[in-house]
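Listed below, chain by chain, are the residues.
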Amino acid sequence: MTKITGILFDKDGTLLDFDKSWEPVNRRASLFAAAGDEVLADRLMVICGMDPLTGKVSSGSLFAAAAPSEIAAAMSNAGAPFEPEELTAHLDRFFIEGAENAVAVTDLPALFKRLKARGLHLGIASSDNEASIRAIAERMQFMPYVDYIAGYDSGHGVKPNPGMVEAFARRQNIDLSEIAVVGDNTHDLHMARNARAGLAIGVLTGTSGIEALEPHADYVLASIEELEGLLDRLPDPAVS
Ligand SMILES: [Mg+2]
C-alpha cells in the first residue's frame, strides 16, 4: 500500500463527542422547527433519529449524518410549519450556535500539532456548513494545523460522494491513495471507498457501533486518540 501523507477527518462524532455536543442543539432546533409545539418537536426528533427521552441519536439517521438542507426537508415534510429553504437557514444558525458548546474528543491542538510534525496534510470534511467547521477549529485553536476544510456548502458535493476527498487531494497535490479518511459514520467510509482513498478508518465516538463500521473500514479505533499508534504500525511501503 501507499504511504499515508494526508488525513481527512470528519468533525461530528470524530473530532467532537457527538452526544455531549449535539443533544441540546438538536432539542432546541426541533422545538424551533415545531414552532414551540412540544408534541410535534418530539415527532421531528424521532424522524431525525433522536430518542426524545434518552437523547440518543441512532446510527445513519438524519441527525447523525445528513446536511441541514436534508434535515429541513424531512422536518417540513413531517409537518414543521416552514418552507425547507427557510428552515435550512434557521437550522444553520442553530448549528453555528451549537458549535460554541461543542465538546472535543481529545486535546485537538496537541494532536493536530503532533500529526503536522509528522509532515501530514490535515483536512476536515463534514456535512455541516463550512462556517461552523471553521468556527470550531478556531475556537478550539487547531486551525493553524488545518490545511483544508470542506462543508456541504463548499462546492465539492456531499458524502458519500467522493468530491470532498478529491478536492483535498488536488489542493494538497497528493494522490488519493495517500489519504486516510477518518469518520464515525458509514457515509465517511463509503466516501473513502468512492474516492479510492488509501484507508477508511472508523471511530466509535459518534453514533455508530463497531458492527456497523467494521464491514466498511480498514481499521476501527475507539477514538482518534489511537490514530498515531495505528500510523506507527502500518506496513512500511518501502519495505514491501
Ligand atoms: Mg460524523
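Bear in mind that the values here come from a model prediction, so they are computed numbers and not experimental data.

Caption draft 1: Examining the overall build of the chain more closely. Secondary structure summary: the chain contains 11 helices and 6 strands in total. Against the compact-globule benchmark of 18 Å for 240 residues, the chain has a radius of gyration of 18 Å, which places it among compact chains. In terms of its C-alpha atoms, the chain occupies a principal-axis envelope of roughly 65 × 35 × 30 Å. For the chain, with 240 residues in total, the buried portion stands at 45%. Residue pairs in contact within the chain that sit at least 24 positions apart in sequence constitute 59% of those at least 6 positions apart.

Caption draft 2: Spotlight on the pairing of strand β5 (residues 199-203). Most of β5 sits out of view: 5 of its 5 residues are buried. In terms of strand pairing, strand β4 (residues 179-183) meets β5 through 4 bridges, oriented parallel. Residue pairing for β5: Ala 180 is matched across the bridge by Leu 199. After leaving β4, the chain enters helix α9 (residues 186-194) and then returns to the sheet as β5, a path that is right-handed.

Caption draft 3: Broad picture of unusual backbone geometry. The omega angle of the peptide bond from Lys 159 to Pro 160 is 5°, so this bond is cis rather than trans. Considering the arrangement of structural elements, one finds Pro 160 in the loop between β3 (148-150) and α8 (163-172). We note that Ala 35 has phi near 55°; this positive angle belongs to a residue other than glycine. Following the sequence through the fold, Ala 35 ends up in the loop between α1 (18-33) and α2 (38-47). With phi around 55°, Arg 196 is a residue other than glycine that occupies positive phi space. We classify Arg 196 as partly exposed; it has 14 C-beta atoms within 10 Å.

Caption draft 4: Structural context of α2. Within α2, the full set of buried residues consists of Ala 41, Leu 44 and Met 45. What you see down the axis of α2 is that its buried residues fit within an arc of 100°, all on one side. Contacts made by the buried residues of α2 are with α1 and α4 (68-77). Among the residues trailing α2, Gly 49 stands out with phi positive, at a value near 100°.

Caption draft 5: Up close: the sheet that holds β5. Strand order in this open sheet of 6 strands is β3-β2-β1-β4-β5-β6, and the pairing throughout is parallel. Looking at the sheet topology across the chains shown, the edges are occupied by β3 and β6 (219-221). Direction aside, the axes of adjacent strands within the sheet are offset by 20° on average. Across the sheet, α8 lies against β1 (6-9), β2 (121-125), β3 and β4, angled at about 155° from β3, the strand it touches most. The sheet contacts of α9 involve β4 and β5, and relative to β4 the element is tilted by about 165°.

Caption draft 6: Here's a closer look at the domain arrangement of the chain. By domain assignment, the chain separates into domain 1 (6-17 + 104-233) and domain 2 (19-99). For domain 1 and domain 2, the distance between their C-alpha centres works out to 24 Å. Facing the 19 residues of domain 1 at the interface are 17 residues of domain 2. Taken together, the elements giving at least two residues each to the side of domain 1 that touches domain 2 come down to α7 (130-139) and α9. With 4 residues, the top contributor of residues to the side of domain 1 that touches domain 2 is α7. Here the side of domain 1 that touches domain 2 is composed, by residue class, of 7 nonpolar, 9 polar and 3 charged.

Caption draft 7: Local environment of the nonpolar core. Counting 72 residues, the largest nonpolar core has Val 165, Ala 180, Val 181, Val 182 and Ala 197 as the members making the most contacts within it. Summarising the domain contributions, this core has at least three residues from each of domain 1 (6-17 + 104-233) and domain 2 (19-99). Setting aside anything within four residues of it in sequence, one finds Val 165 in contact with Leu 8, Ala 125, Leu 176, Ile 179, Val 181, Met 191, Ala 192, Ala 195 and Ala 197.

Procedures and definitions
- Residues numbered from 1 in each chain as written.
- Predicted model: local features only at pLDDT ≥ 70, side-chain atom pairs only at ≥ 80, totals over all residues.
- Helix = DSSP H or I, 4+ residues; strand = E, 2+ residues; numbered from the N terminus.
- Rg over C-alpha atoms; globule rule 2.2 N^0.38 Å.
- Buried ≥ 20, exposed ≤ 12 C-beta atoms within 10 Å, placed from the backbone.
- Contact = placed C-beta atoms within 7 Å.
- Pairing = 2+ DSSP bridges.
- Right-handed = clockwise from strand over helix to strand, strands pointing away.
- Arc of directions from axis to C-beta.
- Axes fitted to C-alpha atoms, helices over the stretch in contact; angles between N-to-C directions.
- Domains from an automatic or database assignment.
- Nonpolar A, V, L, I, M, F, W, Y, C, P; charged D, E, K, R; others polar.
- Core = buried A, V, L, I, M, F, W, Y, C linked by C-beta atoms within 7 Å.

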